[in-house]
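A look at the structure
Each chain, letter by letter, is given below.
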Amino acid sequence: MSNKVLIKNSQNTVKIPSGLRILIRRSCNAVLEYEKFDGPAEISVTFVDNARIAELNAQYRSKPMPTDVLSFPMGEDGAYDIDEDNGCKILGDIVISMERAMEQAELYGHSLQREVAYLTVHSMLHLLGYDHEAGGLEAVRMREKEEAVLMQLGLPRTVSYTSDEV
């Protein structure tokens, strides 16, 4: 049985490029495969604008400002509720600000697709229980996993992420 990735567009600031939904599904599946996740999973991904993500950020993290992505994990310590309709483990919700993703893609000099794939992979790792907030080894491990999955997706780290010094 396959994973379910439910994608909803709740913004009209940024046009969703064709193929983006497929890329998001591939990104979710690649993380689950990389992490050897047991059993089919269900993930919900919603596109919003900066105003909406700022509201959510204020509500859930007491940070009243836009951010690029928010993750709402439903599992706890590797235990997940099961969607009775399809037998999938409910991993949680990913909310992406398409406005912010567009800004960051321009800033880093890569495509909107690359940025959204990165944000999806990053968020998926949060849904699976990884955390980088404290920094240190956990943050490094999370970054390594992100890079490995993006390589598998054919979206390696672009030179734009590093400084221009030769």
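Described below are features of the structure shown in this document. Note that the coordinates shown come from a computational prediction; the quantities given were computed from them, not determined experimentally. (Residues numbered from 1 in each chain as written. Predicted model: local features only at pLDDT ≥ 70, side-chain atom pairs only at ≥ 80, totals over all residues. Heavy atoms only, no water.)

1. Here's the deal with the sheet that holds strand β4 (residues 89–97)
Strands belonging to one sheet form pairs held by backbone hydrogen bonds; the direction of such a pair is parallel or antiparallel. Reading across from one edge, β1-β2-β4-β3 is the order of the four strands in this open sheet, with mixed pairing throughout. Edge strands, defined here as strands with exactly one partner in the open sheet, are β1 (4–9) and β3 (69–73). Each neighbouring strand pair of the sheet contributes to a mean axis angle of 15 degrees, computed without reference to strand direction. By the bridge criterion, eight bridges tie strand β2 (residues 41–48) to β4 in an arrangement that is parallel. Paired with Glu42 across the strands is Ile90, a residue of β4. (Pairing = 2+ DSSP bridges. Helix = DSSP H or I, 4+ residues; strand = E, 2+ residues; numbered from the N terminus. Axes fitted to C-alpha atoms, helices over the stretch in contact; angles between N-to-C directions.)

2. Here we look at the nonpolar core
Nonpolar side chains tend to gather and get buried jointly when the protein is soluble and globular. With 39 residues, the main nonpolar core has Ile43 and Leu91 as its most contacted residues. Those elements giving two or more residues to this core turn out to be β1, α1 (20–34), β2, β4, α3 (98–108), α4 (112–127) and α5 (136–152). The element contributing the most residues to this core is α4, with nine residues. Contacts of Ile43, omitting those with residues within four sequence positions, involve Lys4, Val5, Leu6, Cys28, Leu32, Leu91, Gly92, Ile94, Met124 and Leu127. (Core = buried A, V, L, I, M, F, W, Y, C linked by side-chain atoms within 4.5 Å. Buried < 20%, exposed > 50% of the residue type's maximum accessible area, 1.4 Å probe, protein only. Contact = heavy atoms within 4.5 Å.)

3. Concerning the pairing of β3
Regular strands place their side chains on alternate faces of the sheet. Of all the five residues making up β3, four are buried; the element is thus mostly covered by neighbouring parts of the structure. Note that β3 and β4 share five bridges and pair antiparallel. The residue bridging Val69 from the neighbouring strand is Ile96, located in β4.

4. Digging into the pairing of β2
Judged by how many residues are buried, β2 sits mostly within the fold: eight of eight residues are covered. Burial along β2 is two-sided: the face carrying Ala41, Ile43, Val45 and Phe47 and the face carrying Glu42, Ser44, Thr46 and Val48 are both buried. Note: β1 against β2, six bridges, orientation parallel. When the bridges of β2 are listed, Lys4 appears paired with Glu42. Regarding the hand of the β-α-β motif, the stretch spanning β1, α1 and β2 is left-handed. (Right-handed = clockwise from strand over helix to strand, strands pointing away.)

5. Topic: the pattern of salt bridges
One pass over the full model with this rule turns up five salt bridges. Linking Lys145 and Glu35 is a salt bridge whose minimum nitrogen-to-oxygen distance equals 2.9 Å. Residue Lys145 is found in helix α5, and its partner Glu35 is found in the loop between α1 and β2; the two are separated by 110 residues along the sequence. Glu35 shares its class with Lys145; the two are buried. (Salt bridge = Lys/Arg side-chain N within 4 Å of Asp/Glu carboxyl O.)

6. Comments concerning α4
Here α4 spans 22 Å end to end across 16 residues, near enough to the 22 Å set by a 1.5 Å rise per residue. Here α4 lies mainly inside the structure; 15 of its 16 residues are buried. Count one or two residues on from α4 and you reach Gly129, which has phi positive near 100 degrees. (Expected span 1.5 Å × (residues − 1).)

7. What to know about the side chain of His110
Summarising the element assignment, His110 is placed in the loop between α3 and α4. Taking the relative accessible area as the measure of exposure, His110 reaches 12% and is therefore buried.

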